[in-house]
Amino acid sequence: MEKNEVRDDRLFELEDEFTELIKNKKFKEAKTLIEDLNEVDIAELIDKLDPTTGTVIFRMLGKDVAADVFANFDTEQQQEIMKASTAQEIKEIMDELYFDDLVDMLEEMPSNVVNSILKYSLPEERTLINQFLKYPEYSAGSIMTIEYVSLKKEMTVKESFAKIKREGIDKETIYTLYVTDDYRRLIGILSLRELIVAPESAKIIDLMKSDVVYAGTHDDQEYVAGLFKRYGFEAIPVVDNEKRIVGIITYDDIMDIMEEEATEDFQVMAAITPTEEPYLDSSVIFLAKHRILWLMILMISSTITQRIIQGYETYLYSVAGLSTFIPMLMDTGGNSGSQSSTLVIRGLATGDIKPHDWFKVVWKEFRVSVLVGIALSIVSYFKIIYVDRMPESIAMTVSCTLIIAVMTAKVVGGLLPIAAHKLKLDPAIMASPLITTIADATTLVAYFFFAQQIIG
């Protein structure tokens, strides 16, 4: 059994025991049971309690873990704890939270709660928080933290270690160090490992790397996620328009962003309006509201295929068995397009495919579609004759249509996401639902054309 599976089983057992203790009002024993767990696991257990009981258990936790647990609560639990806390308790939580966690929390809070929380912060902290809250949503500035260690280029290794020991305890990471000039402009980067092995008298300017990968405060968070995937950094510095370092983005923060972006793409590809609300916490009305719009659009767009079929209604009645193959042809076209679009959307997300690669994508999908289309048409031809016992003319009509349907769907499925990316739209919009609609219409037109030419 894997270590993670053993851990999950243990957590399930603890959850049952924890729930039983809470049910019997044995709060002290419940707190003792979970206090040595990881902060994320503690937060997950408390989050499942009602807000009042959750607040009681949280206030019993030690100060050394309370802030980390608080940062992992959902917004509703955080609000309840803030409402039930004294001024001193709020100040202690704020003092222990990392700055980016504090800003993230305030972004989700109602304005009246934010104002009451900010009352307990220092004037300079309040100014900095308000500055962060003004950064555009989904920008690098909105997710960065100010907990980093910067060094001056003229400092020695010995002086640098003194600064790290003095300031490092309050920083989110000290493994990557940032070198600045007298105007706080970012000029270099240095790892803690390189600093440790260097002579004490060595100058930082002689040890640093001047080729620094950084993000701007207004860069999109998806672009920043791409930098992490490309370079594998633990943290990336964020600079303003004058290249002055104003913060850093750490790997744990970008992991959350990647999850959000992936979830959003899945939702769009499934024709659901994106939402950050957890599934089990969402009401039936909420879920229906986020699904019905796209379904209605797609339902109306299916009028195209309806009109095509109506135009050939008399012909369908006159040729026995012709209508029975329409669902299979439309499904095959839609599925073919979905395969191509999924691969291209992933390639765009990971950076493997660039917008200027559109011709390479079309050429590759065209060749793939020819091979796939021919293979499917051959199998379909013999199936229709020997299994379905249909005339050879119908078998030929269906087989020819399959080739056109697969070729069209795969080329369109590969091209539309790139077009969306070029137009600054989410490529996931061009996924299964829209491509299926286009493929269906094309397939039907081809089907009736071949039917008229072959069957007569």
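I will try to describe carefully the structure that is included in this document. This one's a predicted model, so the numbers in the text were calculated from it and none came from an experiment. (Residues numbered from 1 in each chain as written. Predicted model: local features only at pLDDT ≥ 70, side-chain atom pairs only at ≥ 80, totals over all residues. Heavy atoms only, no water.)

Let us now look at the pattern of salt bridges. Counting across every chain of the model gives eight salt bridges. Between Lys48 and Glu44 there is a salt bridge, with its nearest N and O atoms 3.8 Å apart. By relative accessible area, Glu44 is classed as partly exposed at 44%. In this structure, Arg244 engages Asp240 in a salt bridge whose closest nitrogen and oxygen atoms are separated by 2.9 Å. Residue Arg244 is classed as partly exposed on the basis of its relative accessible area of 28%. On the basis of relative accessibility, which here comes to 18%, the residue Asp240 falls in the buried class. Ionic contacts of the salt-bridge type, sharing partners, join the residues Glu15, Glu44 and Lys48 into one network. (Salt bridge = Lys/Arg side-chain N within 4 Å of Asp/Glu carboxyl O. Buried < 20%, exposed > 50% of the residue type's maximum accessible area, 1.4 Å probe, protein only.)

A complete count under the given rule lists twelve aromatic pairs for this structure. On the basis of an interplanar angle of 80° and a centroid distance of 6.4 Å, the ring pair of Phe70 and Phe73 is categorised as edge-to-face. Each member of the pair, Phe70 as well as Phe73, is classed as buried. Taking 6.1 Å as the distance between ring centres and 85° as the angle between the ring planes, the aromatic pair formed by Tyr148 and Tyr178 counts as edge-to-face. With Tyr148 in the loop between helix H11 (140-143) and strand S1 (150-152) and Tyr178 in strand S2 (residues 176-180), the pair connects residues that are 30 residues apart, well separated along the chain. Pair check on accessibility: Tyr148 and Tyr178 agree, each one buried. (Phe/Tyr/Trp six-rings, centres within 6.5 Å; stacked < 30°, edge-to-face > 60°. Helix = DSSP H or I, 4+ residues; strand = E, 2+ residues; numbered from the N terminus.)

Counting residues in hydrophobic clusters, the biggest one holds 47 residues, and the most contacted among them are Phe18, Ile57, Phe58, Phe70, Phe73, Ile249 and Ile254. The dominant element in this core, judged by the number of residues it contributes, is helix H8 (residues 99-108), at five residues. Apart from the residues lying within four places of it in its own chain, the contact partners of Phe58 are Ile46, Ala66, Val69, Phe70, Phe73, Ile81 and Ile93. With 19 residues, the next largest nonpolar core counts Phe325, Tyr381, Val398 and Ala441 among its residues. (Core = buried A, V, L, I, M, F, W, Y, C linked by side-chain atoms within 4.5 Å. Contact = heavy atoms within 4.5 Å.)

Okay, unusual backbone geometry next. Positive phi, normally seen in glycine, also occurs at Lys25, with a value near 60°. Residue placement: Lys25 occurs in the loop between helix H1 (3-23) and helix H2 (27-34). Given a relative accessible area of 64%, Lys25 falls into the exposed group. Although it is not a glycine, Arg389 sits at a positive phi angle of roughly 60°. Position of Arg389 relative to the elements: it lies in the loop between helix H21 (358-386) and helix H22 (392-422).

Take the packing of helix H4 (residues 51-60) against helix H6 (residues 75-84) next. At a minimum axis separation of 9 Å, H4 and H6 run at an interaxial angle of 70°. Taken together, the axis directions place H4 and H6 in an arrangement best described as roughly perpendicular. Of the two possible hands of crossing, H4 and H6 adopt the one that is right-handed. On the side of H4, the interface is formed by Pro51, Gly54, Thr55, Phe58 and Arg59, while H6 contributes Glu76, Gln77, Glu80, Ile81 and Ala84. (Axes fitted to C-alpha atoms, helices over the stretch in contact; angles between N-to-C directions. Parallel < 35°, antiparallel > 145°, perpendicular 65-115°, else oblique. Left-handed = near helix turned anticlockwise from the far one by under 90°.)

Turning our eyes to something else, we now look at the packing of H21 against H22. H22 packs onto H21 with a crossing angle of 155° between their chain directions and a minimal axis gap of 8 Å. Between H21 and H22, the angle is such that the two are roughly antiparallel. In terms of crossing hand, the pair formed by H21 and H22 is right-handed. Its residues placed into classes, the contact of H21 with H22 shows 22 nonpolar, six polar and three charged. (Nonpolar A, V, L, I, M, F, W, Y, C, P; charged D, E, K, R; others polar.)

Pairing within the open sheet is mixed, and its three strands lie in the order S4-S5-S6. Every interior strand has two partners, whereas the edge strands, strand S4 (215-216) and strand S6 (245-250), have only one. When S4 meets strand S5 (residues 235-239), the two strands line up parallel, connected through two bridges. Note that in S5 the partner of Ala215 across the bridge is Val238. On the sheet, helix H15 (residues 221-231) packs against S4, S5 and S6 and is oriented at approximately 140° with respect to S5. (Pairing = 2+ DSSP bridges.)

Across the five residues that make up S2, a large majority, five, are buried. Sheet topology note: the S1/S2 ladder contains three bridges and is parallel. Of the residues in S2, the one forming a bridge with Leu151 is Val179. In this fold, S1 hands off to helix H12 (residues 157-167), which returns the chain to S2; that crossover is right-handed. In terms of strand pairing, S2 meets strand S3 (residues 186-191) through five bridges, oriented antiparallel. The partner of Val179 across the bridge, within S3, is Gly188. As consecutive antiparallel partners, S2 and S3 are separated by five residues, and within that stretch Arg184 has a phi angle of approximately 70°, a positive value. (Right-handed = clockwise from strand over helix to strand, strands pointing away.)

Everything listed here is a matter of geometry and, on its own, says nothing about what the molecule does.
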